[in-house]
Amino acid sequence: MRVGVVGAGLMGSAAARHLAKAGCDVTLIGPDEPEDKRSHQGVHGSHYDEGRITRHNALKPFWVEVSAASIARYPEIEAESGIAFFTEAGALMAGSDARMGQVDLAAQLCGVESHALGPDGLRDTFPFFDFPPDFSGAYERRQAGHISPRRLVAAQQKAAAEHGAKRLIAEVRGVEGGRVITDDGLLAFDQVLVAAGGWTDAVLGRPPQLDVYARTVALFEIDAEQAARLASMPSLVYEAPEDPYLLPPIRYPDGRIYVKLGGDPEDVRLDGPEAVGQWFRAGGNADVRDRLEAMIRALMPTLAIRGVTMDACVTSWTHDRLPEIRRLDDGLSVCTGGNGAGAKCSDELGRRGAALILEN
Ligand SMILES: Cc1cc2nc3c(=O)[nH]c(=O)nc-3n(C[C@H](O)[C@H](O)[C@H](O)COP(=O)(O)OP(=O)(O)OC[C@H]3O[C@@H](n4cnc5c(N)ncnc54)[C@H](O)[C@@H]3O)c2cc1C
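Residues numbered from 1 in each chain as written. Predicted model: local features only at pLDDT ≥ 70, side-chain atom pairs only at ≥ 80, totals over all residues.

1. Focus on helix H10 (residues 346-358)
For H10, with 13 residues, the first-to-last C-alpha span of 18 Å sits near the 18 Å given by 1.5 Å per residue. Across the 13 residues that make up H10, a large majority, 10, are buried. For H10, the full list of buried residues reads Ser 346, Asp 347, Glu 348, Leu 349, Gly 350, Arg 351, Arg 352, Gly 353, Ala 354 and Ile 357. Close packing links the buried residues of H10 with strand S1 (2-6), helix H1 (10-21), helix H2 (61-81), strand S13 (191-194), strand S19 (324-329) and strand S20 (332-336). (Helix = DSSP H or I, 4+ residues; strand = E, 2+ residues; numbered from the N terminus. Expected span 1.5 Å × (residues − 1). Buried ≥ 20, exposed ≤ 12 C-beta atoms within 10 Å, placed from the backbone. Contact = placed C-beta atoms within 7 Å.)

Here it is as structure tokens:
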């Protein structure tokens, strides 16, 4: 079976690996990360970064299940590709008893190995965090931490190629059943899977079904000595109106070490591909960056920050807050809707997209 996968990001690259492994004749179609995002006029992806939190714990059992399935295959992907992308730094969720009760229920239902920490336990284990006094935590020491989304994409693509998948670096203008339209012409497949992240509605040429939200992250540069002092720092999400997420020290391609904090005070919807492109080129919102700086100074009062930069990204949300992985017609299926949580579990989401194709 000839399968075209549109979108060489996290889900598309995962789907391509699974399809090629299953013996399909796969072509993965999509551009690489642009060299200069600020001037790039084409499509962008939500994986142009070095840090994404990975863990089993979640507020909803669905995300626990797909994350567990993916994390269990990280060693397989690393072995097939020879590319390491996972750092077992541990992961912490912290919040009020009501919030942590929800996490605990999902963990019990799905058998997650996680340690409950009361307010004193949180303070003793992570003295560098200053949480509100009523916060408790759920801490995963093993099989949790962070992944490099860039390196995961590279690993999936290398492994897919090892299994025989072809790669076409091109932007897709549209799809019609099993046909894919690019600037270079029309390609015919038995099945097409569209996994184009924030551009999925545009590629499918359908009225907007995903809410694509602008996201700003702030990167706080620290020195190597400080990074060594924070060696036990896990990745963290904690309860606050901005839904903040914090990555421990990571060395970026510019050679510098950053702690990264994200979390937006409001969901700003980007209407259409032009608005999404403009947002990536804008590089983030300075007001959100300043708010994030105030937040990290409150959460980690002893952190010595050398400099602050920001970056832009988008998250794609479905109305039921679950990924959209379904067949649209005989030759066309879709795999999208990371809902802000689709990196850690992208291998399983891509596998589910591949499974849809194999059922045809
Ligand atoms: C700031 C931020 C922080 C996040 N933090 C986390 C986290 O800590 N943990 C976590 O699990 N998740 C996190 N996420 C979510 C995660 O990154 C996304 O859910 C994930 O990237 C979605 O994968 P995807 O394959 O759907 O989209 P993408 O990774 O964006 O891939 C889509 C691909 O489609 C391609 N494409 C688009 N249009 C076309 C076209 N016309 N033709 C060809 N190709 C096209 C793009 O080039 C891109 O490569 C975060 C997201 C953001 C923005």
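Right, picking up where we left off after that structure.
2. Quick word on the environment of Gly 145
In this structure, Gly 145 sits in strand S8 (residues 145-147). Taking the C-alpha atoms as reference, Gly 145 lies 11 Å from Ser 232; in sequence the two are 87 residues apart. Once you skip the residues sitting within four places of it in the chain, Gly 145 turns out to touch Thr 54, Thr 87, Glu 88, Ala 89, Gly 90, Ala 91, Pro 234 and Ser 235.

3. Some words on the nonpolar core
Core analysis: the largest hydrophobic core is formed by 95 residues, its most contacted members being Val 5, Val 6, Ala 15 and Val 26. The element contributing the most residues to this core is H1, with seven residues. Apart from the residues within four sequence positions on either side, Val 6 is in contact with Gly 12, Ile 29, Gly 30, Val 172, Val 175, Val 180, Val 192, Val 194, Ala 195, Ala 196 and Val 203. (Core = buried A, V, L, I, M, F, W, Y, C linked by C-beta atoms within 7 Å.)

4. Structural notes on the pairing of S1
With respect to burial, S1 is a largely interior element, four of its five residues being buried. The pairing of S1 with strand S2 (residues 25-29) spans five bridges and is parallel. Its bridge partner lying in S2, Val 3 is registered against Val 26. Note: S1 against S13, four bridges, orientation parallel. The residue of S13 that forms the bridge with Val 5 is Leu 193. (Pairing = 2+ DSSP bridges.)

5. With respect to the site of the ligand
The full set close to the ligand counts 39 residues, and Gly 9, Gly 197, Cys 313, Gly 338 and Gly 342 are the nearest of them. Every element with two or more residues in the shell around the ligand is listed here: H1, strand S3 (52-54), strand S14 (211-222) and strand S18 (307-317). A breakdown of the residues in the shell around the ligand according to their chemical character gives 20 nonpolar, 15 polar and four charged. (Near = placed C-beta within 6 Å. Nonpolar A, V, L, I, M, F, W, Y, C, P; charged D, E, K, R; others polar.)

6. A closer look at the sheet that holds S13
Taken in spatial order, the six strands make up an open sheet running S9-S2-S1-S13-S20-S19, and their pairing is mixed. Lying at the two open borders of the sheet, with one neighbouring strand each, are strand S9 (166-168) and S19. Neighbour to neighbour, the strand axes of the sheet diverge by 20° on average, direction disregarded. Along the sheet, H1 makes contact with S1, S2, S13 and S20, crossing S2 at roughly 170°. (Axes fitted to C-alpha atoms, helices over the stretch in contact; angles between N-to-C directions.)

7. Observations regarding the domain arrangement of the chain
Domain assignment breaks the chain into domain 1 (1-83 + 146-208 + 321-360), domain 2 (91-141) and domain 3 (211-317). Domain 1 and domain 3 are separated by 24 Å when their C-alpha centres are compared. Facing 20 residues of domain 1, the contacting portion of domain 3 comprises 19 residues. Among the residues making up the side of domain 1 that touches domain 3, the classes are represented as three nonpolar, 13 polar and four charged. (Domains from an automatic or database assignment.)

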